[in-house]
Amino acid sequence: MVEPHILVTNDDGVDAPGLQALAEAMLAFGAVDVVAPATNQSACGHKKTLFQDIVVRETRLANGINALAVGGSPADCISLTAMGLRPFPPRLIVSGINRGENMAQDLTYSGTVTAALEGALQAVPAVAFSLASRDAGDVADYAAAARVAQVVVRYVLARRLPPLTILNVNIPTGTPKGIRVTRQGLRIYLDKLVRNGDSVRIEGEPPTGILDEVGTDLWAVHHGYVSVTPIHLDMTAHRLIADVSGWDMEL
Ligand code: MN
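Here the structure is a predicted model, which is why all the values come from computation and not from measurement.

Asks: I'd like a description of the environment of V221, backed by residues and values.
Replies: Tracing the sequence through the fold places V221 in helix α5 (residues 217–222). Separated by 154 residues in sequence, V221 and A67 place their C-alpha atoms 31 Å apart. Not counting the four nearest positions on each side in its chain, V221 is found in contact with M103, A132, N170, P172 and S227.

Asks: Go over the coordination of the manganese ion, please, and point to the residues and values.
Replies: Listed as protein donors to the manganese ion are D11 (OD), D12 (OD), S42 (OG) and N98 (OD1); their distances from the metal cover 2.1 to 2.3 Å. In primary sequence terms, the donor set of the manganese ion follows D-D-x29-S-x55-N. With D11 in the loop between β1 (5–9) and α1 (17–26) and S42 in the loop between β2 (31–37) and β3 (56–60), the pair connects residues that are 31 residues apart, well separated along the chain. Exposure remark for D11: the relative accessible area of 2% places this residue in the buried category. Judged by its relative accessible area of 37%, S42 is partly exposed.

Asks: Pulling in residues and values, what's your account of a nonpolar patch on the surface?
Replies: On the surface, V151, Y155 and I179 cluster together into a nonpolar patch covering about 270 Å² of accessible area. Topologically, V151 is positioned in helix α4 (residues 143–159). By relative accessible area, which is 32% here, V151 ends up partly exposed.

Asks: Any chance you could break down unusual backbone geometry for me, citing the residues and the numbers?
Replies: With an omega of -10°, the peptide bond between G96 and I97 qualifies as cis. Relative to the assigned elements, I97 resides in strand β5 (residues 92–99). You will see that R160, though not glycine, has its phi angle at about 65°, which is positive. Its location among the elements puts R160 in the loop between α4 and β7 (165–171). Positive phi is not limited to glycine here, since L164 has a value of about 60°. Among the secondary structure elements, L164 is positioned in the loop between α4 and β7. A residue is classified by how much of its surface remains accessible, and L164, at 39% relative accessible area, is partly exposed.

Asks: A description of the packing of helix α2 (residues 74–82) against helix α3 (residues 111–121) should follow, citing residues and the corresponding values.
Replies: Interaxial distance between α2 and α3 falls to 8 Å at its minimum, and their mutual angle equals 20°. Between α2 and α3, the angle is such that the two are roughly parallel. α3 is crossed by α2, and the crossing has right-handed handedness. Contacts between α2 and α3 involve P74, A75, I78 and S79 on the former and, on the latter, G111, T114, A115, E118 and G119. For the contact of α2 with α3, the residue count by class is four nonpolar, four polar and one charged.

Asks: Explain α2 to me, using residue names and the numbers behind them.
Replies: The buried count for α2 comes to seven of nine residues, which makes it a mostly enclosed element. Among the residues of α2, those classed as buried are P74, A75, D76, C77, I78, S79 and T81. Check the buried side of α2 and you find it contacts β1, β2, β4 (66–70), β5 and α3. Two residues or fewer past α2, G84 is found with a positive phi of approximately 115°.

Asks: Quick one: what's the story with the pattern of salt bridges, residue by residue and with numbers?
Replies: Under the definition given, this model contains seven salt bridges. In this structure, the salt-bridge partner of R134 is E101, at a minimum N-O distance of 3.8 Å. Of this pair, R134 sits in the loop between β6 (126–131) and α4 while E101 sits in the loop between β5 and α3, and the two are 33 residues apart along the sequence. Here E101 makes a salt bridge to R187, at a shortest N to O gap of 3.2 Å. Of this pair, E101 sits in the loop between β5 and α3 while R187 sits in strand β9 (residues 187–188), placing them 86 residues apart in sequence. Three or more residues joined by partner-sharing salt bridges are found here, namely E101, D106, R134 and R187.

About the thresholds
- Residues numbered from 1 in each chain as written.
- Predicted model: local features only at pLDDT ≥ 70, side-chain atom pairs only at ≥ 80, totals over all residues.
- Heavy atoms only, no water.
- Helix = DSSP H or I, 4+ residues; strand = E, 2+ residues; numbered from the N terminus.
- Contact = heavy atoms within 4.5 Å.
- Donors = N, O, S within 2.8 Å, 3.2 Å for Na, K, Ca; no water.
- Buried < 20%, exposed > 50% of the residue type's maximum accessible area, 1.4 Å probe, protein only.
- Patch = residues over 30% accessible without salt bridge, like charges linked within 9 Å, V, L, I, M, F, W, Y side chains within 5 Å.
- Areas by Shrake-Rupley, 256 points an atom, 1.4 Å probe, with all protein chains shown as cover.
- Salt bridge = Lys/Arg side-chain N within 4 Å of Asp/Glu carboxyl O.
- Axes fitted to C-alpha atoms, helices over the stretch in contact; angles between N-to-C directions.
- Parallel < 35°, antiparallel > 145°, perpendicular 65-115°, else oblique.
- Left-handed = near helix turned anticlockwise from the far one by under 90°.
- Nonpolar A, V, L, I, M, F, W, Y, C, P; charged D, E, K, R; others polar.

This is how it looks when you write it as structure tokens:
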């Protein structure tokens, strides 16, 4: 029997310490394939590179684990692997551990999460992991989060996930108080347009959000819990179907 292959990717790039910590943690479950973007792809959304050459380079993480560095997006890493870039199809996909949380409306921006969503599109169970710290600079900062990832993965391998779903996991810094299964909360973005000569850029403080609404991802992490949010790729606003039908749009 072929050992189960765990595919590890991220959006912070192949050199990121969170990727290394996650890859090492996954060795507990089987063979590990690391296929990650060559450069930082944070906030790339669900970008797919079509009809363009993508450079793939063999490399090695600082802990000695072999990896492929892909000149594309996190979703490219997943779809290419599902189509045969590596010799064995993955049994599970894990993405992260991202530097910084991915909660509420962040999910549409996050390459960490969209890599997992691409896994769901390819019918492979997938989990996204993010650490709620923007200061995490080396592998040791991700050690506790990597142990949380092991706990979640143990359950996902045993229980599986339904089609077109993923788990989005956000981990607080320090020792978590426990795990809470949550829904997406509401973000408040503080981006600003900054003019610089002929150019413009987006800057501003990190986003905040509604932190006191019990049961959301933002609430859980703010109160020291690991947040596990089941996410579905069906983005239909079911409650709006009746309303919009009532418009009686006609051609
Ligand atoms: Mn990132």
